[in-house]
Every structure is written in structure tokens, then in C-alpha cells.
Amino acid sequence: MTERFAGSFTQQEPLSEEAIAAAEEVMRHGRLHRYNLAPGEAGEVALLEEEFAAFTDGRYCLAVASGGYALSCALRALGVGSGDPVLTNAFTLAPVPGAIASLGARPVFVETTEALVIDLDHLETRAVETGAKVLMLSHMRGHICDMDALTALCDRLGVAVIEDCAHTMGAAWAGVPSGRHGAIGCYSTQTYKHINSGEGGLIVSDDAALMARAILLSGSYMLYDRHRAAPPAEAFEALTGEVPNVSGRMDNLRAAILRPQLADLPARVARWNRLYGAMEAGLRGAPGVALIDRPQDEAYVGSSFQFRVPDWTAARIEAFLSRCASRGVELKWFGADRPAGFTSRYAHWAYADPDPLPQTDRVLATLIDMRLPLTFLEHDCALIARIIREEAARP
Ligand SMILES: *Cc1c(COP(=O)(O)O)cnc(C)c1O
């Protein structure tokens, strides 16, 4: 009998009763704006910031309207402006070069390795060629490069690092939480990431001047004293009149539903990694399939799964994908000619006028991707892996 998978790769879990109750409370009192507080009230956003700073072991935290906003805010806080080159991964998602372009700055794409991380040799070459002073490092699909080597290289080059942790909230490198190796860490709380408020973002930094700028940028008016995970007043006073308001605050309703999810994140990470483990076990040794190496120092969150089919032609991949899809297994392919769903790639971002990157092209041409939502169970992953295995064995 031919097995079929009947689940959905895009269905998230419902919110917990605790999150729903917290949201209801905010709706009943009506103070949705983060600075609209009753006497003595901290507010959900300020509490979320405090809790997320503790979770990432960061000194300061700011909650904002989206992950993309967090990225552009971090760039502005670092002083990136019109025409400036900003290094970034060629293998990333559209909001990353989009954040760079939103400032009139210029994305400089860096090659990708077979482990799906930034190529450090090429990073050095491009940094020297362009004189770029900022790297927006995207931990795309949760793959973390050797952060010790990257940090040493960027220190040597005088390049400040912003980490895009949209896929690594809850992950770590050598015991240090993802987002805590560079000057600023940015996270997304959009529905398809690790905690879900529909839209939302978080910024973490230990640098008081950078965080004061980010808070002012986000539209704090003169109300920054209502923050809790924020630098002292002097850091803001030094900036009076210097920083434009580019409104992008988070509201209390979203923060209210995020706080219980953050508290539950370690348990969710463990569940994701069981799904990831089941998929990896099911696909190990499948014909033509190369799994992605995960380094010892990387504590990842297995919320998505990638594998390569390095010896296959585009035609064979297309036939394989359509056979899998007909059995309910909707895989994404980074090698498609035209952007589809969330799988666009650097060559599609014509506005950035990207130079060809042969190594990235070669890796992406045979890279397959799938989400692992927490509505899946381990036996779902085992079934999906059996289907992929069977279809991979066909010529
Ligand atoms: C989702 C995502 C972002 C941006 O997050 P939004 O909250 O959707 O703006 C940034 N980088 C990557 C790699 C993402 O997947």
C-alpha cells in the first residue's frame, strides 16, 4: 500500500489557555499601547523585555513590531546609512537584504558552505574589497557557523556583527545563547518562528548607547523611563534630538501572549529536537540524500529540516518533489528558477544587484527544505521520512 501523509506543514499549535487568558485581561482593561499604564503597572511589553533579557543573558532588551523592523532598527542604531555596504549571507530570507535596503544601504552577499552557513574566507574577502563595517549574520534555518572563528575574524576586520536569530531563538553556540556573540541580536516572533504573536520582534544588546538609540528609534517619545530592561537615563540624555522616531513598537496584547510562550520555550525546543531527530534517523542512508552536519558546539532548534541531493539534476528534483507532494509531503526547493513561498534566494533580489555566487548557487541548486511544526508527532516525521526515502529511490 502506498502511504500518504495527511498533516499540514504550516499548521501551528493553538495558543495555551494561559496565553489566551493573558490576552483577555489586556483586552478587558484596554491599555494596549505599551506606554499606556495604570499607576504602578509595569506593562506586558516591559515585562516581556525583562524576561527575554534574562532568557538570553543580555543586559538590555527591546520588543518591536516585527523581526524585519528589529533588523533595520539594529542597522540604524549602528549608524548604517545610505550607500553603506552591509555584509550578509547569500543564503537567507528576503527580509534580511530588505532591512538593509530599507536604509538605502547596499547588501553585499557572502557565499554559503555545504553546512549552509556563511563562508568565512569569502566573508573576509568581501569585507576587505568593500570596506564594509557591519555584518548582518543570518542563522538561516537555524544553522550556526563557528561563532568563535567568526567573532575573531570580525574583531580583526573591525566589523560589527548583528545576528539575525529568526531561526535560532533558544539555540546556542558553545553554551552562549544565539544572538549574544555580536553587538546586537535580533529575533522574530512571527507565526512561523519559535514563539508566535502573529508579528513581532525582539532586540538584545549589552551596549547601552546602541540600546538607547534602538529604544528612541522604536518610538519611545520621552517615555523611556517606562522600560525595565533598558540602559540608565544618562544613555538617553546624551542622545536628545539626535535620533529620529521610526515607530515600530510592540503592544501589550502581543507581549501578553508571548510571555507564557517564552516560559515554555525550553520545552518546545526539546519537542522540536525530537522531531528533528526522528527525521534525521528516518533519512540517514537514503539513496542520494546528504544530511547536513551539525557541529558539536551547536545547540540548535530543529524547527525545520534540510537535506541535499547533490548528484541530482533539476529535472530529477522536480519529479521527486511532485511525487512527494502527491503523497502529502510538501517539500521546498531552494533551486527553483522563480521565488515560491518563502524560498526566495539571493539571485531573485535584483534591486540589490547581486554578483553571481557560484558556490551558493551550487549548494542551493540541490537543497531541499521542510518545516517541522509542533503539530507533528515523531511518527509523522518517521512517515514523512519513509515517503521521501521511497521516492528518492526512484530514478
Ligand atoms: C522571518 C525572518 C525574518 C524577519 O522576520 P519578520 O518578523 O517576518 O519580519 C528575518 N530573517 C529570517 C531568516 C526570517 O526567516
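Computed from a prediction, not measured in an experiment: that's the story for all the values here.

Quick notes on the rules
- Residues numbered from 1 in each chain as written.
- Predicted model: local features only at pLDDT ≥ 70, side-chain atom pairs only at ≥ 80, totals over all residues.
- Heavy atoms only, no water.
- Helix = DSSP H or I, 4+ residues; strand = E, 2+ residues; numbered from the N terminus.
- Rg over C-alpha atoms; globule rule 2.2 N^0.38 Å.
- Buried < 20%, exposed > 50% of the residue type's maximum accessible area, 1.4 Å probe, protein only.
- Contact = heavy atoms within 4.5 Å.
- Areas by Shrake-Rupley, 256 points an atom, 1.4 Å probe, with all protein chains shown as cover.
- Lys, Arg positive; Asp, Glu negative; His and termini not counted.
- Charge placed at Lys NZ, Arg CZ, Asp CG, Glu CD.
- Near = heavy atom within 4 Å.
- Polar contact = N/O pair within 3.5 Å; in protein donor to acceptor, adjacent residues only side chain to side chain.
- Core = buried A, V, L, I, M, F, W, Y, C linked by side-chain atoms within 4.5 Å.
- Domains from an automatic or database assignment.
- Buried area = accessible area lost by both parts, 1.4 Å probe.
- Salt bridge = Lys/Arg side-chain N within 4 Å of Asp/Glu carboxyl O.
- Pairing = 2+ DSSP bridges.
- Axes fitted to C-alpha atoms, helices over the stretch in contact; angles between N-to-C directions.
- Expected span 1.5 Å × (residues − 1).

### Looking at the overall build of the protein
Line of reasoning, step 1. Counting its regular elements, the protein contains 13 helices and 14 strands.
Line of reasoning, step 2. The C-alpha atoms of the protein give 21 Å as radius of gyration, which agrees with the globular expectation for 395 residues (21 Å, within 12%).
Line of reasoning, step 3. Once the C-alpha set of the protein is aligned to its principal axes, its extents read approximately 65 × 55 × 35 Å.
Line of reasoning, step 4. Looking at the protein residue by residue over its 395 residues, the buried ones come to 54%.
Line of reasoning, step 5. The contacts of the protein with a sequence gap of at least 6 include a subset with a gap of at least 24, amounting to 72%.
Line of reasoning, step 6. Summed over its atoms, the accessible surface of the protein is roughly 16,000 Å², and 51% of this surface lies on carbon and sulfur atoms.
Line of reasoning, step 7. In the protein, which carries 36 positive and 49 negative side-chain charges, the distance between the mean positions of the two groups comes to 5 Å.

### Side note on the site of the ligand
Line of reasoning, step 1. Around the ligand sit 15 residues, and of these Gly67, Gly68, His167, Ser188 and Lys193 come closest.
Line of reasoning, step 2. Contact between the ligand and Gly68: an oxygen atom at 2.7 Å from a main-chain N or O atom of the residue.
Line of reasoning, step 3. Contact distances for the ligand include 2.9 Å between a nitrogen atom and a side-chain N or O atom of Asp164.
Line of reasoning, step 4. When isolated, the ligand has an accessible area of 380 Å², and the protein chains bury 92% of it.
Line of reasoning, step 5. Secondary-structure elements contributing two or more residues to the shell around the ligand are helix H3 (67-77) and helix H4 (95-102).
Line of reasoning, step 6. Here the shell around the ligand takes three residues from H3, the largest share from any one element.

### Considering the nonpolar core
Line of reasoning, step 1. In terms of nonpolar packing, the biggest core is built from 76 residues, with Leu135, Leu150, Phe307, Leu331, Met370 and Ile388 touching the most fellow members.
Line of reasoning, step 2. Top contributing element to this core by residue count: helix H10 (residues 265-283), with eight residues.
Line of reasoning, step 3. Both of domain 1 (17-260) and domain 2 (265-392) provide at least three residues apiece to this core.
Line of reasoning, step 4. Ignoring any residue separated from it by four or fewer positions in sequence, one finds Phe307 in contact with Leu283, Val289, Ala290, Leu291, Ile292, Phe320, Leu331, Thr366, Leu367, Ile368, Met370 and Ile388.

### A closer look at the domain arrangement of the protein
Line of reasoning, step 1. By domain assignment, the protein separates into domain 1 (17-260) and domain 2 (265-392).
Line of reasoning, step 2. A straight line from the C-alpha centre of domain 1 to that of domain 2 covers 26 Å.
Line of reasoning, step 3. At the interface, 36 residues of domain 1 touch 36 residues of domain 2.
Line of reasoning, step 4. Here domain 1 and domain 2 share an interface that buries about 3,100 Å² over both sides, 60% of which is from carbon and sulfur atoms.
Line of reasoning, step 5. If you sort the residues of domain 1 by the area they bury against domain 2, Glu114, Arg141 and His194 come out on top, with a joint share of 20%.
Line of reasoning, step 6. Remark: the boundary between domain 1 and domain 2 carries four salt bridges.

### Section: the sheet that holds strand E12 (residues 304-308)
Line of reasoning, step 1. Taken in spatial order, the four strands line up as E10-E12-E14-E13 in an open sheet, and their pairing is antiparallel. A single partner strand is all that each edge strand has here, and the edge strands are strand E10 (290-291) and strand E13 (332-333).
Line of reasoning, step 2. Running over the sheet, helix H12 (residues 358-365) touches E12, E13 and strand E14 (367-371) and is turned about 60 degrees from E14.

### With respect to unusual backbone geometry
Line of reasoning, step 1. Positive phi values are uncommon outside glycine, yet Arg141 reaches one of about 55 degrees.
Line of reasoning, step 2. When you line up the elements, Arg141 lands in the loop between strand E4 (134-138) and helix H6 (147-157).
Line of reasoning, step 3. Owing to a relative accessible area of 11%, Arg141 belongs among the buried residues under this scheme.
Line of reasoning, step 4. With phi around 50 degrees, Asp353 is a residue other than glycine that occupies positive phi space.
Line of reasoning, step 5. Note on placement: Asp353 falls in the loop between E13 and H12.

### A closer look at helix H2 (residues 44-56)
Line of reasoning, step 1. Taking 1.5 Å of rise per residue, 13 residues should cover 18 Å, and H2 covers 18 Å from first to last C-alpha, within 8% of that figure.
Line of reasoning, step 2. All of the buried residues along H2 are Glu44, Val45, Ala46, Leu48, Glu49, Phe52, Ala53 and Thr56.

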